[in-house]
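Residues per chain, in single letters:
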Amino acid sequence: MLSLSAYIPEMIETRRKLHHHPEVAWTEFLTTQVIVNRVRELGFKTVLGKALFDEEHVLGREPTVVEAAMARSLKLGMNPKLLEELQGYTGCMAVWDTGRPGPVTALRFDIDCVNVEENHNDTNEAFRGGFDSECAGLMHACGHDAHASMGLAVAHWIHDNAEQLNGKIKIIFQPAEEGTKGACGIAYSNNLDDVDYLLGAHIGVSAHLHEVAVIRSGFLATTKMNVSFTGVPAHAGAAAELGRNALMAACSASMQVMGIARHGQGDTSVNIGTLRAGEGRNVVPVHASIEMEVRGKTAAINQYMQDTAERMIRGSAESYGVQYKIDVMGKAESIVADEDLSNMVEEIAKTVPGVTRVFNIKGCTGSEDCSLLINKVQSHGGKAAFFFYGCNNHGHHKSDFEVQDTESMPVGLQIFVESLQRLNGQH
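Here goes a summary of the coordinates provided. (Residues numbered from 1 in each chain as written. Predicted model: local features only at pLDDT ≥ 70, side-chain atom pairs only at ≥ 80, totals over all residues. Heavy atoms only, no water.)

Our focus in this paragraph is the overall build of the protein chain. Of regular secondary structure, the protein chain possesses 12 helices and 13 strands. Each principal axis of the C-alpha distribution contributes one length, and for the protein chain these read about 80 × 50 × 45 Å. A total of 427 residues make up the protein chain; the buried ones form 57% of that total. Long-range pairs, those at least 24 residues apart, make up 84% of the contacts in the protein chain between residues at least 6 apart in sequence. As presented, the protein chain carries roughly 17,400 Å² of accessible surface, and 50% of it is formed by carbon and sulfur atoms. (Helix = DSSP H or I, 4+ residues; strand = E, 2+ residues; numbered from the N terminus. Buried < 20%, exposed > 50% of the residue type's maximum accessible area, 1.4 Å probe, protein only. Contact = heavy atoms within 4.5 Å. Areas by Shrake-Rupley, 256 points an atom, 1.4 Å probe, with all protein chains shown as cover.)

This is the structure we're talking about:
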């Protein structure tokens, strides 16, 4: 069996390649090409395109944005045959079947970036290393480049050690985690129906370099919504009474939603992220739109926030005589991880060279759509766990985000590999 150190150079090289060309949710075609080419080279079967999702539950995928990304990827060297095979969907599930009896274990790695302009100066490790983002306004500022390349390193290890493994392993390279868009369609597909164990992880967050945190429970349930208002145009001076003001409806709804009474049984959050409206200074605004989110400690509390927000939006539209439409663009849930699987991750983490602190988190804040995959696996009796492997990141989604890849990523790789050895190894 090769030492894990043999897989680290390729993992780091791939991470930096992906960091150099980041792609946002549902547009990760070149990223998917890197993944698919590698796992097929290693002998994995692949589940791609519409086969990876239940299309009715795909969230936040905008066809015009996807079409533009497909055209752009072709200009940048995308294989036309693979692009056709993807059917307009990004992501991949790589499947290794040992042919021997044993559990089905799924590992989840997300692959998309965020809309952040990277620091292009010496304060940034990627700039100093020559792999900072070449895409204006886009950056892997949440570490998903590290996640995706780690998934490929695990795949390489599985290939090399297949004779010592039992059962089946599924590596899920999930698109569109940002905005909690990508997991829902996978969770509602049949791709997880046979999974006995699922492991997910994230670099950084509340774990610093040389630390590992095991998430025992938490994440905030969330719903991401786009709201559009459509009014009636009129001359603002000559005939304002004939108009119906979509801008004012959106403003009214925004002010009310931001004042939703908080829930006494757990944490809540609400945010109006954008408000766009109007056509000109002397025209009663016909169109307005807001992008917003609500969150809650539990699904029930989040539903309270969502229902209240929808009632306020409906009331504001009625008050101003405009039409409205709400589109759910993303969602995630809270989790309770399985104790024995979490204990296993904790035990492994304590043996990883360089790890100086291992701790548990109960009541983790933030949201993570891997929660949908976790809850799906648990719903049919499977078990799931989630952990953070640390880095000194300066804050996620910020222009100076960094991960110290040569120190941080080997920790996550060893935890995933040793977990596979315990769950699917020949004993």
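Attention now moves to the pattern of salt bridges. Going through the model one piece at a time under the given rule, you end up with 21 salt bridges. A salt bridge links Glu 10 to Arg 38; the nearest nitrogen and oxygen atoms lie 2.9 Å apart. With Glu 10 in helix α1 (residues 8–20) and Arg 38 in helix α2 (residues 29–41), this pair connects stretches of sequence that are 28 residues apart. In this structure, a network of salt bridges that share partners links the residues Arg 15, Arg 16, Asp 145 and Asp 405. (Salt bridge = Lys/Arg side-chain N within 4 Å of Asp/Glu carboxyl O.)

Here we come to the packing of α2 against helix α6 (residues 144–160). Here α2 crosses α6 at 5°, and the two axes come no closer than 10 Å. One way to sum up the angle between α2 and α6 is to call them roughly parallel. Across the interface between the two elements, Val 34, Ile 35, Arg 38 and Val 39 from α2 touch Ala 148, Leu 152, Ala 155 and His 156 from α6. Of the residues that constitute the contact of α2 with α6, the class distribution is six nonpolar, one polar and one charged. (Axes fitted to C-alpha atoms, helices over the stretch in contact; angles between N-to-C directions. Parallel < 35°, antiparallel > 145°, perpendicular 65-115°, else oblique. Nonpolar A, V, L, I, M, F, W, Y, C, P; charged D, E, K, R; others polar.)

The next subject is unusual backbone geometry. Positioned with a positive phi, His 210 is a non-glycine residue whose angle comes to about 75°. As for its placement among the helices and strands, His 210 is situated in the loop between β5 (197–203) and β6 (211–218). With a phi angle near 50°, Gln 404 is a residue other than glycine that sits in the positive phi range. Relative to the helices and strands, Gln 404 resides in the loop between β13 (383–389) and α12 (405–424).

Our focus in this paragraph is the sheet that holds strand β8 (residues 268–277). In space, the four strands of this open sheet follow the order β8-β9-β7-β10, with antiparallel pairing throughout. Each of the sheet's edge strands pairs with one partner strand only, and the pair in question is β8 and β10 (323–332). Here the average twist between neighbouring strands, direction ignored, is 15°. Summarising the sheet, β8 and strand β9 (residues 287–296) pair through nine bridges and their orientation is antiparallel. In the sheet register, Ser 269 faces β9, and the bridge partner there is Arg 295. Contacts from helix α9 (residues 299–320) reach β7 (221–230), β8, β9 and β10, with the element oriented near 10° to β7. (Pairing = 2+ DSSP bridges.)

Moving on to the layout of surface pockets. Considered as a void within the structure, the largest pocket measures approximately 1,300 Å³ in volume. Taken together, 45 residues line the largest pocket, and the ones lying closest to its centre are Glu 178, Gly 179, Thr 180, Lys 224 and His 397. Listed by contribution, the elements that provide at least two residues to the lining of the largest pocket are α3 (63–75), β7, β8, β9 and β12 (357–364). For the lining of the largest pocket, a count of residues per class yields 18 nonpolar, 16 polar and 11 charged. (1 Å grid on protein atoms, 1.4 Å probe; cavity = no way out; pocket = protein on both sides within 12 Å on 5 of 7 lines; lining within 4 Å. Points joined across faces, edges and corners; volume = space filled by probe spheres on them.)

According to the stated counting rule, one finds 10 aromatic pairs in the structure shown. Through a chain of ring-to-ring contacts, three or more aromatic side chains come together here, namely Phe 109, Phe 173, Phe 387, Tyr 389 and Phe 416. Over the ring of Tyr 89 we find Arg 61, and its NZ or CZ is 4.2 Å from the ring centre. Cation over ring: Arg 357 sits above Phe 359, and NZ or CZ is 3.9 Å from the ring centre. (Phe/Tyr/Trp six-rings, centres within 6.5 Å; stacked < 30°, edge-to-face > 60°. Lys NZ or Arg CZ within 6 Å of the ring centre and 35° of its normal.)

Right, let's talk about the side chain of His 147 for a bit. Positionally, His 147 belongs in helix α6. Note on His 147: relative accessible area 1%, which makes it buried. The contacts of His 147, once residues within four sequence positions are left out, are Phe 109, Asp 110, Cys 142, Ala 201, His 202, Ile 203 and Tyr 389.

Core analysis: the largest hydrophobic core is formed by 107 residues, its most contacted members being Ile 158 and Ile 171. Of all the elements, α6 adds the most residues to this core, at nine residues. Residues within four places of Ile 171 in sequence aside, it is in contact with Phe 44, Cys 92, Met 93, Ala 94, Leu 107, Phe 109, Gly 151, Val 154, Ala 155 and Ile 158. Listed in part, the 21 residues of the second largest apolar core include Met 225, Phe 229, Ile 313 and Ala 317. (Core = buried A, V, L, I, M, F, W, Y, C linked by side-chain atoms within 4.5 Å.)

This part covers the packing of α6 against α12. Packing of α6 against α12 leaves a shortest axis separation of 10 Å and a crossing angle of 40°. Between α6 and α12, the angle is such that the two are oblique. With respect to the hand of their crossing, α6 and α12 are arranged in right-handed fashion. Facing Ala 146, Ser 149, Met 150, Ala 153, Val 154, Trp 157 and Ile 158 of α6, the residues of α12 in contact are Met 409, Gly 412, Leu 413, Phe 416, Val 417, Leu 420 and Gln 421. Residue classes in the contact of α6 with α12 are distributed as 11 nonpolar, three polar and no charged. (Left-handed = near helix turned anticlockwise from the far one by under 90°.)

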